[in-house]
Amino acid sequence: MARRWMFPTLIAISGAAMAARQVATGSPVAGAVLAVLFGLLAFILSPLAFPRSIAAAEAQRRAAEDGRPIVYWRTGCPFCLRLRARLGPAGARRAHWVDIWRDPDGAAAVRAITGGDETVPTVVIGDRSHVNPDPNWLRQQLA
């Protein structure tokens, strides 16, 4: 669980230190700008920017019932962030999201699909798997 928050926390702490230094040197506006920018970056790179993650077993069960795809992702992955941003709010409702750093079964499912590594995003639609699919293609599949 801590691994999911390590990078965003480091970003937030670094931003706070840089902002404090700017304020201490007499530049409160620059300090405020840095605090906002680093806070936004920490949020974007955190699990909060993604839909609520569910367990892989639950995602597989739900996908079998409703036919929606399963998206395996992890915190800090720029490709996952790009996919999430491109899918927009509809992506949260039209897919089941599994954080592989939160769910060991999700990580195992991705390793089984990719031949041993944890390449994400990995999307499973029905019985077909797609490793790092084009976000525009997946958006069309969800429409």
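What counts and how
- Residues numbered from 1 in each chain as written.
- Predicted model: local features only at pLDDT ≥ 70, side-chain atom pairs only at ≥ 80, totals over all residues.
- Heavy atoms only, no water.
- Buried < 20%, exposed > 50% of the residue type's maximum accessible area, 1.4 Å probe, protein only.
- Helix = DSSP H or I, 4+ residues; strand = E, 2+ residues; numbered from the N terminus.
- Arc of directions from axis to C-beta.
- Pairing = 2+ DSSP bridges.
- Right-handed = clockwise from strand over helix to strand, strands pointing away.
- Polar contact = N/O pair within 3.5 Å; in protein donor to acceptor, adjacent residues only side chain to side chain.
- Contact = heavy atoms within 4.5 Å.

(A) Broad picture of helix α6 (residues 135-142). Looking only at α6, the buried set comprises P135, L138 and L142. The arc enclosing the buried residues of α6, seen along the axis, measures out at 65°, which places them on a common side.

(B) The arrangement of the pairing of strand β1 (residues 70-73) in detail. Side chains I70 and Y72 project from β1 onto one buried face, and the interleaved V71 and W73 project onto a second face that is buried too. Where β1 meets strand β2 (residues 96-99), four bridges bridge the pair, whose relative direction is parallel. Bridged to Y72 within β2 is V98. Between the parallel elements β1 and β2, the chain passes through helix α4 (residues 78-94) in a crossover that is right-handed. Sheet topology note: the β1/strand β3 (residues 122-125) ladder contains three bridges and is antiparallel. Bridging from a neighbouring strand, Y72 pairs with T122 of β3.

(C) Inspection of the side chain of H96 at higher detail. One can find H96 in strand β2. Of the polar contacts made by the side chain of H96, one reaches the side chain of D66; its length is 3.1 Å. Sequence-distant contacts of H96, defined by excluding residues within four places in its chain, comprise I54, A59, R62, A63, D66, R68, P69, I70 and V71.

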